[in-house]
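Structure assessment
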Amino acid sequence: MTNIVTQIADKVRPVGVASNYGDPVDVGDSTLIPVSVNWYGFGGGSDADEDGAGGGGGGAVSLPVGAYVRRPGQDLAFEPNLIALLTVSIPVIWVGGKVLVKLVRALKK
């Protein structure tokens, strides 16, 4: 039996950059090209005991970060998705604050 992790990796590898940029969409007189950040995670496992234990796993995340917008008479411009930016930045700022507090306490000692 072929290794399932190898099979999954072979399916995901050709996707590449195409998974980060969507097809252009015409909205009125503007053209939008959606942009996202994607990452994948997979697991595996096996055990040689008589029970035939195995394993599995998998997951994917796609975060829409914005879109390239082309309007008539203007250059192509990137416009960020502010909701996604807030969704990502709030936990990062919170963790950064916790780390900073612990660092300050450690330096005071």
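Presented here is a report on the structure given in the accompanying data block. Since the structure is predicted, the reported quantities are computational estimates derived from the model, not experimental observations. (Residues numbered from 1 in each chain as written. Predicted model: local features only at pLDDT ≥ 70, side-chain atom pairs only at ≥ 80, totals over all residues. Heavy atoms only, no water.)

Moving on: a nonpolar patch on the surface. Among the surface-exposed residues, Leu100, Leu103, Val104 and Leu107 lie close enough to one another that they form a single nonpolar patch of about 400 Å² accessible area. Mapped onto the elements, Val104 comes out in helix α2 (residues 82-108). (Patch = residues over 30% accessible without salt bridge, like charges linked within 9 Å, V, L, I, M, F, W, Y side chains within 5 Å. Areas by Shrake-Rupley, 256 points an atom, 1.4 Å probe, with all protein chains shown as cover. Salt bridge = Lys/Arg side-chain N within 4 Å of Asp/Glu carboxyl O. Helix = DSSP H or I, 4+ residues; strand = E, 2+ residues; numbered from the N terminus.)

Here we take up the side chain of Ser36. The topology assignment puts Ser36 in strand β2 (residues 30-41). The class for Ser36 is buried, based on a relative accessible area of 14%. A distance of 3.4 Å separates a polar atom in the side chain of Ser36 from a polar atom in the side chain of Asn38. Not counting the four nearest positions on each side in its chain, Ser36 is found in contact with Ser19, Asn20, Ser62, Leu63, Pro64 and Val65. (Buried < 20%, exposed > 50% of the residue type's maximum accessible area, 1.4 Å probe, protein only. Polar contact = N/O pair within 3.5 Å; in protein donor to acceptor, adjacent residues only side chain to side chain. Contact = heavy atoms within 4.5 Å.)

Moving on, we come to the environment of Asn20. By the element assignment, Asn20 lies in the loop between α1 (4-12) and β1 (25-27). Each C-alpha atom of the pair Asn20 and Val37 lies 5.8 Å from the other, and the pair is 17 residues apart in sequence. Every residue in contact with Asn20, bar those within four places of it in the chain, is listed here: Pro34, Val35, Ser36, Val37 and Asn38.

Okay, the pairing of β2 next. Both β1 and β2 contribute to a ladder of 3 bridges, which runs antiparallel. Among the inter-strand pairings, Asp26 is bridged to a residue of β2, identified as Thr31. Relative to strand β3 (residues 59-70), β2 runs antiparallel, the two sharing 11 bridges. Opposite Ser36, over in β3, you have Pro64 as the bridge partner. (Pairing = 2+ DSSP bridges.)

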